[in-house]
Amino acid sequence: MAVIQEQMLRAFISASQSCADALAKNAMVVQRQSMERFAVANGKVAGLMGQALTQVWMESMQPAR
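1. Topic: the environment of Ala11
Here's step 1: Looking at where Ala11 falls in the secondary structure, it is placed in helix H1 (residues 2-61).
Here's step 2: A residue is classified by how much of its surface remains accessible, and Ala11, at 47% relative accessible area, is partly exposed.
Here's step 3: Sequence separation of Ala11 and Ala22 is 11 residues, and the distance between their C-alpha atoms is 16 Å.

2. Concerning the pattern of salt bridges
Opposite charge on two side chains lets them pair, provided their charged atoms get close.
Here's step 1: Within the structure shown, the criterion is met by two salt bridges.
Here's step 2: Notably, a salt bridge pairs Arg10 with Glu6, separated by 2.6 Å at the nearest N-O pair. On the criterion of helical spacing, the pair formed by Arg10 and Glu6 is a turn pair, its members being four residues apart in helix H1.
Here's step 3: A residue is classified by how much of its surface remains accessible, and Arg10, at 51% relative accessible area, is exposed.
Here's step 4: Among the salt bridges present, the one from Arg32 reaches Glu36, with a minimum N-O distance of 3.0 Å. Here Glu36 and Arg32 lie together in helix H1, a separation of four residues that amounts to about one turn.
Here's step 5: Its relative accessible area of 45% is what places Arg32 among the partly exposed residues.
Here's step 6: What makes Glu36 partly exposed here is its relative accessible area of 42%.

Definitions and limits used
Residues numbered from 1 in each chain as written. Predicted model: local features only at pLDDT ≥ 70, side-chain atom pairs only at ≥ 80, totals over all residues. Heavy atoms only, no water. Helix = DSSP H or I, 4+ residues; strand = E, 2+ residues; numbered from the N terminus. Buried < 20%, exposed > 50% of the residue type's maximum accessible area, 1.4 Å probe, protein only. Salt bridge = Lys/Arg side-chain N within 4 Å of Asp/Glu carboxyl O.

Pasting the structure below:
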C-alpha cells in the first residue's frame, strides 16, 4: 500500500510540474506575441503621425488664398 501511495504521489507531483512548465511556456509565448503586436502598433502610429505632420507642414507652405 505504501508503494502505491508513493507512486501516486510521484505521479501527482510530476503532473503538477508538467502543468506548471506548460503554463509558464505559454505565458512567455503570449507575452512575446503581445510585445510584438505592441511594437507593430507603435510603428503604425509613428507612421501615421509622420504623415499627418508632413501634410500639415506641406499645407503651411502653400500660399494663402
